[in-house]
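Survey of secondary and tertiary structure
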Amino acid sequence: MTDMRQLYQEVILDHNRKPRNFGAIPGANRHAEGHNPLCGDHIKLSMNVLEDKIETIAFEGEGCAICKASASMMTGAVKGKTVPDAEIMIEEFRGMATGTLDLDIEANHLGKLKVFAGVKDLPSRVKCAILPWHTLHAALHAEFSVSTEGEADPVPGTTIGEE
Amino acid sequence: MKVERMTVEGMNGERTDIDRINIDQVRADFPILNLKVSGKPLVYLDNAASSQMPQPVIDRIVRYQSQEHANIHRAVHYLSELATKEFEAARIKVQHFLKAKESREIIFTRGTTEAINLVMHGYGRAFIGKGDEIILSALEHHSNIVPWQMLAQEKGAVLRVIPMNDAGELLIDEFEALFNAKTKFLALSHVSNALGTVNPVKAMIAFAHRHGVPVLLDGAQAAPHQSLDVQDMDCDFYAFSGHKMCGPTGIGVLYGKAQLLEKMQPYQGGGDMILSVTFEKTTYNVIPYKFEAGTPPIMAAIALGAAIDYLNGIGLSNIEAYEKELLDYATEKVSALNGVRIIGTAAKKAAVLSFEINGVHPHDVGTILNDDGIAIRTGHHCAQPVMQRFGVPATARASFAFYNTKDEIDKLVDGIRKVQEMFS
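Residues numbered from 1 in each chain as written. Chains lettered and ligands numbered in written order. Predicted model: local features only at pLDDT ≥ 70, side-chain atom pairs only at ≥ 80, totals over all residues.

1. Topic: the domain arrangement of chain B
All names here are of chain B. For clarity, the cut-off: Domain start and stop points were drawn from an automatic or database domain assignment. Secondary structure counts use DSSP, requiring at least four H or I residues in a row for a helix and at least two E residues in a row for a strand, with both numbered from the N terminus. Think of it as three bins: nonpolar holds Ala, Val, Leu, Ile, Met, Phe, Trp, Tyr, Cys and Pro, charged holds Asp, Glu, Lys and Arg, and polar takes everything else, Gly as well.
Taken domain by domain, chain B comprises domain 1 (3-34 + 316-423) and domain 2 (58-312). Here the C-alpha centre of domain 2 lies 28 Å away from the C-alpha centre of domain 1. When contributions to the side of domain 1 that touches domain 2 are tallied by element, the ones reaching two or more residues are α11 (316-335), β16 (352-357) and α13 (384-389). Looking at the side of domain 1 that touches domain 2 element by element, the count peaks at five residues for α11. Residues that form the side of domain 1 that touches domain 2 fall into these classes: eleven nonpolar, five polar and five charged.

2. Overview of the packing of helix α4 (residues 83-98) of chain A against helix α5 (residues 126-140) of chain A
Residues and elements named next belong to chain A. In plain terms, the rule: With axes taken as lines fitted to C-alpha atoms, and helix axes fitted only over the stretch in contact, angles between N-to-C directions fall between 0 and 180 degrees. Each angle receives one of four descriptions, namely roughly parallel if under 35 degrees, roughly antiparallel if over 145, roughly perpendicular if within 65 to 115, and oblique otherwise. Handedness of a crossing follows from how the near helix is turned relative to the far one, being left-handed for an anticlockwise turn of less than a right angle and right-handed for a clockwise one. Here contacts are defined at the residue level, using C-beta atoms placed from the backbone and a cut-off of 7 Å between them.
Axis separation between α4 and α5 bottoms out at 10 Å; the angle between their running directions is 160 degrees. Our classification of the angle between α4 and α5 gives roughly antiparallel. Pair α4 / α5 crosses with left-handed handedness. Residues Val83, Ala86, Ile90, Phe93, Arg94, Ala97 and Thr98 of α4 form the contact with α5, whose own contacting residues are Val126, Ala129, Ile130, Trp133, Leu136, His137 and Leu140. Considered class by class, the residues forming the contact of α4 with α5 number eleven nonpolar, two polar and one charged.

3. Describing the sheet that holds strand β1 (residues 30-36) of chain A
Residues and elements named next belong to chain A. Quick note on the threshold: A pair of strands is considered paired only if DSSP assigns at least 2 bridges between the two.
Judged by pairing direction, the sheet is mixed, and its four strands sit side by side in the order β3-β2-β1-β4 without closing on themselves. Strands with a single pairing partner mark the edges of an open sheet, and in this sheet they are β3 (53-62) and β4 (145-147). Ignoring which end each strand starts from, the neighbouring axes of this sheet average 20 degrees apart. Bridging between strand β2 (residues 41-50) and β3 involves nine bridges; their strand directions are antiparallel. In the strand pairing of β3, Met47 is matched with Ile57. Helix-sheet contacts for helix α3 (residues 65-78) involve β2 and β3, and the interaxial angle to β3 is about 170 degrees.

4. Let's talk about the nonpolar core
Residues and elements named next belong to chain B. Rules: Only buried Ala, Val, Leu, Ile, Met, Phe, Trp, Tyr and Cys residues enter a nonpolar core, and they are joined through C-beta atoms within 7 Å. Between the buried cut of 20 or more and the exposed cut of 12 or fewer other C-beta atoms within 10 Å of a residue's own C-beta lies the partly exposed class, and all C-beta atoms are placed from the backbone.
One finds Val253 and Ala307 to be the most contacted residues of the largest nonpolar core, which totals 167 residues. Residue contributions to this core reach at least three from each of two domains, namely domain 1 (3-34 + 316-423) and domain 2 (58-312). The residues touching Val253, leaving out its near neighbours within four places in the chain, are Val94, Ile106, Ile107, Phe108, Thr109, Ala115, Ala239 and Phe240.

5. Looking at the interface of chain A and chain B
Counting residues at the interface gives 16 residues for chain A and 15 residues for chain B. Split by residue class, the side of chain A that touches chain B holds ten nonpolar, two polar and four charged.

6. A closer look at the pairing of strand β10 (residues 215-218) of chain B
Residues and elements named next belong to chain B. Short version of the rule: Crossover handedness is defined by viewing with both strands directed away from the observer: a clockwise path from the first strand over the helix to the second marks the crossover as right-handed.
Covered by surrounding structure in β10 are Val215 and Leu217 together with Leu216 and Asp218, the residues of both alternating faces. Sheet analysis places strand β9 (residues 183-189) next to β10, joined by four bridges and oriented parallel. Across the sheet, the residue bridging to Leu186 is Val215, located in β10. Each parallel crossover has a hand, and the one from β9 via helix α7 (residues 201-210) to β10 is right-handed. Summarising the sheet, β10 and strand β11 (residues 237-241) pair through three bridges and their orientation is parallel. In the sheet register, Leu217 faces β11, and the bridge partner there is Tyr238.

7. Structural notes on helix α12 (residues 362-370) of chain B
Counting buried positions over the nine residues of α12 of chain B gives nine, a clear majority of the element. Those residues of α12 of chain B that fall on the buried side of the exposure criterion are Pro362, His363, Asp364, Val365, Gly366, Thr367, Ile368, Leu369 and Asn370 of chain B.

8. Some details on the environment of Gly39 of chain B
Among the secondary structure elements, Gly39 of chain B is positioned in the loop between β3 (36-37) and β4 (40-41). By C-beta crowding, Gly39 of chain B is classed as exposed, having 9 other C-beta atoms within 10 Å.

Put into structure tokens, the structure is as follows:
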């Protein structure tokens with residue numbers, strides 16, 4: 001079991017309190033919305049992608065601390081990156097959150113995003129951390145709406161049941 | 001003894017005997033309460049989602065599976081006759097639990113949801129048509145919304161919703177104003193799962209009956225917490241689940257008045273629900289068997305009977321009184337915290353405390369409490385319209401049972417303080 005202080009680190013709490021790149025970009029050329037119907041987390045992403053590079057990115061929406069901090073830190077991490085580089089980070093983040101990427105032995109580009117490694121021990125919270133990345137993937141592939149439930153779900157084995 | 005008789009002295013020196021639950025004795029019946037979660041003793045406050053099972057019910061399951069199991073209503077051999085006898089004895093226990101007039105008014109289902117769907121198919125599809133109106137309340141669980149919505153879509157019927165006030169109480173004047181010549185059905189929760197509101201069902205049923213409208217009560221949250229009397233309430237249908245009242249999952253009950261059940265169509269076709277079958281025509285069995293197609297969950301039904309025996313052994317009125325004490329204590333402690341809002345403050349409530357901590361999403365609350373071994377439910381509680389009414393995406397919900405203690409509520413309050421400190 002993850003120690004709560006390790007998951008809810010100051011950096012996550014700070015991004016939750018003061019999310020970076022929060023808002024909408026007028027006239028953005030890529031958009032997507034992601035939502036987790038289970039808990040009501042909802043992320044709207046807008047970006048400008050020029051010559052295969054993410055020039056600007058912003059998000060708005062509502063969610064738990066894990067989801068909001070993940071979205072905030074993601075926007076900082078992929079801004080200025082090329083689309084292929086962002087795709088690699090999406091894969092790596094997903095791998096870290098679902099426990100298929102071993103941070104100790106496998107090289108990766110996650111840097112500060114490693115603060116989210118603890119969610120892999122909390123199956124019900126994995127989707128909270130992944131939702132913004134899921135939405136980024138959709139925006140890059142011109143899918144305008146994604147849900148953490150159903151066929152669009154790229155995360156294997158994390159479907160969560162209901163009461 | 002699980003219940004002790006005590007003498008209490010009133011203000012004027014008068015002495016009365018009251019029964020009180022002996023909480024240590026009761027807790028000793030629930031093996032799961034010895035569990036450690038995150039290295040801490042389990043504090044199980046998610047009883048509205050599913051309750052825990054006491055040893056006598058577990059033992060009954062073991063005895064049935066090791067000494068009594070066979071298929072029922074079929075063979076003439078020893079085990080089949082024994083299993084049939086025990087299964088039908090469970091039906092009679094349910095009849096007495098609900099104070100129903102006849103045991104043939106008790107239908108075993110998979111749970112509350114299936115019981116409501118049975119009424120929707122068997123009654124709704126036959127007697128509700130285009131332009132007819134079905135009244136629901138703003139407090140309903142999705143299980144008592146979605147089946148009626150499906151029916152409305154199929155038949156071109158209309159759903160009307162009884163609104164509620166900021167305390168989570170239904171507005172009775174508005175309820176009465178919804179009735180007209182097109183009103184054909186009322187589907188209502190007895191107790192709200194998200195807020196704990198106990199609805200004034202007896203008066204509401206009487207009003208509906210004055211308009212000739214039959215009433216289904218969703219009793220999933222009422223059955224574990226208070227004694228029931230379907231004849232006194234005069235409801236036409238009553239649905240509840242075994243696993244919320246110390247029984248196993250996979251078993252529930254639909255009570256229906258015999259004269260209504262008899263004119264309803266079967267819900268599913270198959271074995272046990274027939275008298276005779278040819279390729280030209282099937283003659284259906286009598287009630288309740290007409291509605292019990294296929295081999296039923298025999299073990300689960302017998303275990304539900306054992307759960308009813310267990311609850312009766314403690315006494316539903318003792319359970320109700322003890323849980324009210326817990327709810328009052330929790331309400332007082334949680335209300336005293338700054339930055340915490342209780343959602344659902346009805347005058348009459350069952351042991352459910354839904355709350356919101358300022359600036360903290362319920363899922364973060366649930367994860368952090370879990371680290372202290374505290375199990376609560378976070379989310380929309382399958383009641384999204386209730387969440388929308390209160391302008392929140394989700395709430396944190398602590399729900400109590402008669403095996404919880406004030407000490408556990410203190411741990412919950414400490415946990416809430418820890419969350420606030422972390423997020424300050």
